[in-house]
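Coordinates in review
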Amino acid sequence: MNEEAAILAYPGNEALAQALTREGGELLDVSLRAFPDGESFVRIEGDVRAREVTIACTLHRPDEVFLRMALLAETARDLGAARIRLVAPYLSYMRQDERFHRGEGVTSRYFARLVSAVVDELITVDPHLHRWGALSDIYDIATTHVRATRPIASWVRAHVERPVIIGPDAESAQWVEALAEELEAPHVIFEKVRRGDRDVTINAGTLAAHEDHTPVILDDIVSTGRTMAETVRLLRGHELEPPVCVGVHAVFADDATSLLSEAGARQLVTCNTIPHATNAIDVFGEIAAAWRKN
Ligand code: R5P
């Protein structure tokens, strides 16, 4: 990391930008506002010439955020920035990773092209890699994949006795297995059938050996909350303690919090990759360490 690095906080990402400054660099003010017709006004207050510039901007709600972030990056480049790094704790558009039906787009690839066109490097946390093996399959720029496993494990250690880690579906297995290993705890992966955005069925795995454990459901994304809620409902049908739900990214398209408490969850916590009231697990230390190293 360049000690003279300039850090720009996209509105709403000030806490992340502050966490980076603890590792070095200088926070510069940014003016980003809408003209009356909705177009963006962009101004960087301070000198970025020949400096490495980092933009702190999580990519939640990307259809609103991406263009402004890109205009901010282009402004920094135009003002002479030597290199532009994007720290985006949540990386969106990882879902369409294959053409599942005729005529559909592989939007994960197109979004990767757009991001790669405006910044030189991307640092993100636990991206939803499912059919893509690595970010480098679709991103043409340097990428760093930070893992939330250790902060999640510290939280679970401090708050849950005898956890059994539950993955709602095969896609969650990579996070569940890593957490179970870190905690030296058992884990079970369930099966999910998705019929629509808000229509999922979960089939349980074998729980008989874990009835004296507290289930900790772990998923990378909580969006509508249907996947978690169905998993909670299934677990409540067993002789187990009410489950604790842990999501890495609090996408929360719907009122997932009420859905989960109605389903019988003991608690829902998330990492601070997307600001939300459920953020109880701080991953900024991991992000800042990765940012400092590069
Ligand atoms: C996909 O498999 C992801 O890992 C999550 O399970 C999914 O995004 C959760 O979506 P929802 O909260 O809408 O059920």
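Structural data are supplied above this passage.
Residues numbered from 1 in each chain as written. Predicted model: local features only at pLDDT ≥ 70, side-chain atom pairs only at ≥ 80, totals over all residues. Heavy atoms only, no water.

Topic: the overall build of the protein
Helix and strand counts for the protein come out as eight helices and 15 strands. Taking 19 Å as the expected radius of gyration for a compact globule of 294 residues, we find that the protein reaches 20 Å, a close match to that expectation. Expressed as lengths along the three principal axes of its C-alpha atoms, the size of the protein is roughly 60 × 45 × 35 Å. Evaluated residue by residue, the protein yields a buried proportion of 52% over its 294 residues. In the protein, once contacts between residues fewer than 6 apart in sequence are set aside, the share between residues at least 24 apart is 64%. (Helix = DSSP H or I, 4+ residues; strand = E, 2+ residues; numbered from the N terminus. Rg over C-alpha atoms; globule rule 2.2 N^0.38 Å. Buried < 20%, exposed > 50% of the residue type's maximum accessible area, 1.4 Å probe, protein only. Contact = heavy atoms within 4.5 Å.)

Quick word on the sheet that holds strand 8 (residues 163–167)
Read from one edge to the other, the open sheet built from six strands follows the order 9-8-12-13-14-15, with strand pairing classed as parallel. Each edge of the open sheet carries a strand with a single partner, namely strand 9 (187–189) and strand 15 (279–281). On average, adjacent strands in this sheet sit at an angle of 35° to one another, irrespective of strand direction. Sheet contacts for helix 6 (residues 226–236): strand 8, strand 12 (214–222) and strand 13 (244–250); angle to strand 12, the most-contacted strand, approximately 165°. (Pairing = 2+ DSSP bridges. Axes fitted to C-alpha atoms, helices over the stretch in contact; angles between N-to-C directions.)

Focus on the sheet that holds strand 6 (residues 121–125)
The strand order across the open sheet formed by seven strands is 3-2-1-4-5-6-7, and the pairing between neighbours is mixed. With one partner strand each, in any of the chains shown, strand 3 (40–45) and strand 7 (142–146) form the two edges of the open sheet. For this sheet, the mean angle separating the axes of adjacent strands, direction not counted, is 20°. Bridge count between strand 5 (residues 83–87) and strand 6: three bridges; the pairing is parallel. In the sheet register, R85 faces strand 6, and the bridge partner there is E121.

Structural notes on the site of the ligand
Taken together, the neighbourhood of the ligand is formed by 14 residues, with E171, D219, D220, T224 and T227 sitting nearest. Between the ligand and the protein, one listed contact pairs an oxygen atom with a side-chain N or O atom of K192 at 3.1 Å. In this structure the site holding the ligand corresponds to the largest pocket. Every element with two or more residues in the shell around the ligand is listed here: strand 10 (191–196), strand 12 and helix 6. (Near = heavy atom within 4 Å. Polar contact = N/O pair within 3.5 Å; in protein donor to acceptor, adjacent residues only side chain to side chain. 1 Å grid on protein atoms, 1.4 Å probe; cavity = no way out; pocket = protein on both sides within 12 Å on 5 of 7 lines; lining within 4 Å. Sits in = over half its atoms within 2 Å of the grid points.)

Some points on the side chain of R51
Among the structural elements, R51 can be located in the loop between strand 3 and strand 4 (52–56). A polar contact of 2.8 Å, which involves the side chain of R51, links it to the backbone oxygen of D47.

Points about empty space enclosed by the protein
Tallied over the entire structure, the rule returns one cavity of 30 Å³ or more. By volume, the largest cavity amounts to about 30 Å³. As for the largest cavity, its lining consists of D126, A148, T149, I152, W175, L179, L218 and V248. Within the residue set of the lining of the largest cavity, elements represented by two or more residues are helix 4 (149–159) and helix 5 (173–183). Considered class by class, the residues forming the lining of the largest cavity number six nonpolar, one polar and one charged. (Points joined across faces, edges and corners; volume = space filled by probe spheres on them. Nonpolar A, V, L, I, M, F, W, Y, C, P; charged D, E, K, R; others polar.)

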